[in-house]
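# Fold and contact review
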2 protein chains.
Amino acid sequence: MIKVAIDAMGGDFGPAPIIEGVIQAFEERKFTPILVGNKAKLLSLIPAKYQQTFQIVEADDVIDMSDSATSALKRKESSIYKAVELVKEGLADGVVSAGHSGATMSLATLRIGRLGGISKPALATIMPSLNHYGKSLLLDVGAVTDCTPKNLYEFAIMGEIYAKKLFHIERPSVGLLSNGEEDSKGNALTKEAFKLLQKVNGFKGNVEGNDIFKGTIDVVVCDGYTGNIVLKASEGVINTVFEIMKTQIKKSTPAKIGAYLMKRKVFSHLKQKVDYAEYGGAPLLGVNGCVIISHGKSNAKAIKNAIYQAIAYKSSGVNEAIIEQVSKLNQQ
Amino acid sequence: MIKVAIDAMGGDFGPAPIIEGVIQAFEERKFTPILVGNKAKLLSLIPAKYQQTFQIVEADDVIDMSDSATSALKRKESSIYKAVELVKEGLADGVVSAGHSGATMSLATLRIGRLGGISKPALATIMPSLNHYGKSLLLDVGAVTDCTPKNLYEFAIMGEIYAKKLFHIERPSVGLLSNGEEDSKGNALTKEAFKLLQKVNGFKGNVEGNDIFKGTIDVVVCDGYTGNIVLKASEGVINTVFEIMKTQIKKSTPAKIGAYLMKRKVFSHLKQKVDYAEYGGAPLLGVNGCVIISHGKSNAKAIKNAIYQAIAYKSSGVNEAIIEQVSKLNQQ
């Protein structure tokens, strides 16, 4: 049975939505949850029937958003430290955290370690797309703000393997995010990376910002500074569109009726397509384990889906395939 | 009377929508249009009553998207070369081009020259925002893909002055686009730029991708690689949202009725808010003249608004204010 460690204390809303997500996942899939956090608090939230089934690992400290990512390495009693440590020690197959993402990435990289052949891990997010699969993969979105061309090359390989194994795309297409689709476009970093990416099977050349969503590419590679900005800008656009619509709907009775009629078939569908909770969390690719980083504002559904993602990740053999592919390409 | 040179041949759809935009602008505002392009073709599109009023400058060559930006410098008979040259020679107060944006930027920078104290120009776009003014300014979106900290510092000054003069914001707030709002966030470039930006009046520190739209900041500064990607990603999100809604509406009769009821008060308003045609073109800040770069797919309305922008730009004294402010800050 796959064991998933969950940092039960790290989210913005405390342990309640996290426990709720674990319960929802547990009632639908087979896995062993290991909850890491304040035992008394967690037991007060876990229904009696699961108190014997859910494992709990005591952790008294919580790293919050005001803490620096580097201080996390010394905070050995924190829930995220202990949750990561369970993966390092082989006591859990994967870890899900909605806590301090910088701390989780640092701990995962330094405590669990990197996969053979990978210089730096990348945080990958699943984006809504109009392609056949309804999603694309964007990486890195914040693990490495200053990348080398080799980092981007390794991100491309990891992204391709992830899309193959987890999206079940036979030959994923891979694009390098740039300020134009011509081969000559890009900044100094991407121009160098462009040459290295020629070795990657599905590499289709440079892609533009809109390609992430319009279904023209499955995997989009960029540095973590750019990816993080693109991710947050995209969320910002969606929120602003909803905000404008809401304000306008309030002003008109016909529009109110119209919105009611569109709710079930249009708005619910749209919200689902752009709701990060549907996609679970972001896998940290390149670490020697399974690390799923969830949004700080994760609700129960987001946690449930992040757990599913951890289970699928572990079962897919994505890490083994990455090691094999990097080694194969490096020998060419 | 303000004279505006218009590259009448450069847009994706040929001269027709451009001429139409010039006519619309001419019927509402006082300015002298100077159309640059194939005289016979242009005369066939200009109504008889304006054939004497609109000036035409003959240009037989057109630089299209497949040409390189650098080749533009040798193509002295091209419409964009001649249009830019009119500004250089003082025969026009500003130029509007929907043609090859790389060529326009190169020509403007090298032929017209830079403003005193500015190392590199920046292309600035107006983005929809939930702030009081309904818009924010994002720069650079593609003029300089590899920036120095000093470039970003100068962009911040230029953006602040532009927002003051053209958005009529008394004290515009300025943010540095980063992967987190904490001072410690950023890549090597922005961390260095962060120190220089302390000198800029309205500097509020790092901002994230969503701040562009949510009304928390008036001017957002970044390098041209990142800005271009953010701009296109934002357009991509909007298009994808509309695409998803359209597909879903078609599937349900109540939704079709709902959409009809929402059309006038909600969707039209939303489309207007996110329609680049409403905002005209992107000013190239830092050149010693007024250069407005329009979308290649500009319709008549976009050209009309770009002409208004050129008129407002020239009247505002923004260039003189930039020179003064840079010189003042450099003396500190």
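The following refers to the structure shown.

Calculation rules
- Residues numbered from 1 in each chain as written.
- Chains lettered and ligands numbered in written order.
- Predicted model: local features only at pLDDT ≥ 70, side-chain atom pairs only at ≥ 80, totals over all residues.
- Heavy atoms only, no water.
- Helix = DSSP H or I, 4+ residues; strand = E, 2+ residues; numbered from the N terminus.
- Rg over C-alpha atoms; globule rule 2.2 N^0.38 Å.
- Buried < 20%, exposed > 50% of the residue type's maximum accessible area, 1.4 Å probe, protein only.
- Areas by Shrake-Rupley, 256 points an atom, 1.4 Å probe, with all protein chains shown as cover.
- Arc of directions from axis to C-beta.
- Contact = heavy atoms within 4.5 Å.
- Axes fitted to C-alpha atoms, helices over the stretch in contact; angles between N-to-C directions.
- Parallel < 35°, antiparallel > 145°, perpendicular 65-115°, else oblique.
- Left-handed = near helix turned anticlockwise from the far one by under 90°.
- Nonpolar A, V, L, I, M, F, W, Y, C, P; charged D, E, K, R; others polar.
- Buried area = accessible area lost by both parts, 1.4 Å probe.
- Salt bridge = Lys/Arg side-chain N within 4 Å of Asp/Glu carboxyl O.
- Polar contact = N/O pair within 3.5 Å; in protein donor to acceptor, adjacent residues only side chain to side chain.
- Pairing = 2+ DSSP bridges.

## Let's talk about the overall build of chain A
Along its length, chain A carries 12 helices and 11 strands. Taking 2.2 N^0.38 as the reference for a compact globule, 332 residues should give roughly 20 Å; the C-alpha atoms of chain A span a radius of gyration of 20 Å, in line with that estimate. Its C-alpha atoms give chain A principal-axis dimensions of roughly 65 × 60 × 35 Å. Across the 332 residues of chain A, 61% fall into the buried class. A total accessible area of about 13,400 Å² is found for chain A, and carbon and sulfur atoms account for 50% of it.

## Let's talk about helix α6 (residues 188-197) of chain A
Listed as buried for α6(A) are A:Leu189, A:Thr190, A:Ala193, A:Phe194 and A:Leu197. End-on, the buried residues of α6(A) take up no more than an arc of 135°, which puts them together on one face. Contacts from the buried residues of α6(A) go to α5 (149-166), β7 (174-177) and β8 (203-207) of chain A together with α8 (224-250) of chain B.

## Notes on the packing of α5(A) against helix α12 (residues 318-331) of chain A
When two helices pack together, their arrangement is given by the angle between their axes and by how far apart the axes lie. Residues and elements named next belong to chain A. Contact pair α5 / α12: the axes reach a minimum separation of 9 Å and the direction vectors enclose 135°. On the basis of the axis angle, α5 is oblique to α12. Pair α5 / α12 crosses with right-handed handedness. Contact residues: Tyr153, Ile157, Met158, Ile161, Tyr162, Lys165 and Leu166 in α5; Val318, Ala321, Ile322, Gln325, Val326, Leu329 and Asn330 in α12. Partitioned by chemical class, the residues of the contact of α5 with α12 number 11 nonpolar, 2 polar and 1 charged.

## Digging into the interface of chain B and chain A
For an interface, size is often stated in terms of accessible area lost upon the parts coming together. Counting residues at the interface gives 49 residues for chain B and 49 residues for chain A. Between chain B and chain A lies a buried interface of about 4,500 Å² when both sides are counted; carbon and sulfur atoms form 75% of it. When residues of chain B are sorted by the area they lose upon contact with chain A, B:Asn179, B:Tyr225 and B:Ile244 head the list and together hold 14% of the total. Inspection of the chain B/chain A interface yields 2 salt bridges. Measuring nitrogen to oxygen at the nearest pair gives 2.5 Å for the salt bridge that ties B:Lys232 to A:Glu208. Where chain B touches chain A, the interface holds 11 residue pairs in polar contact (both at pLDDT 80 or more). Looking at the side of chain B that touches chain A, the elements with two or more residues in it are α6 (188-197), α7 (211-214), α8 and α9 (253-274) of chain B. Broken down by element, the side of chain B that touches chain A gets its largest block of residues, 18 residues, from α8(B).

## Quick notes on the sheet that holds β8(A)
Residues and elements named next belong to chain A. Read across the sheet, 11 strands follow the order β3-β2-β1-β4-β11-β10-β5-β6-β9-β7-β8 without closing on themselves; strand pairing throughout is mixed. Of all the strands in the sheet, just β3 (55-58) and β8 have a single pairing partner and so form its edges. Across this sheet, the average inter-strand angle for adjacent strands is 25°, counted without regard to direction. For strand β2 (residues 32-37) and β3, the ladder comprises 4 bridges, and the chain directions are parallel. Residue pairing for β3: Ile34 is matched across the bridge by Gln55. Set on the sheet, helix α4 (residues 101-112) makes contact with β4 (94-97), β5 (122-128), β10 (282-285) and β11 (290-293); between it and β11 the angle comes to about 175°.

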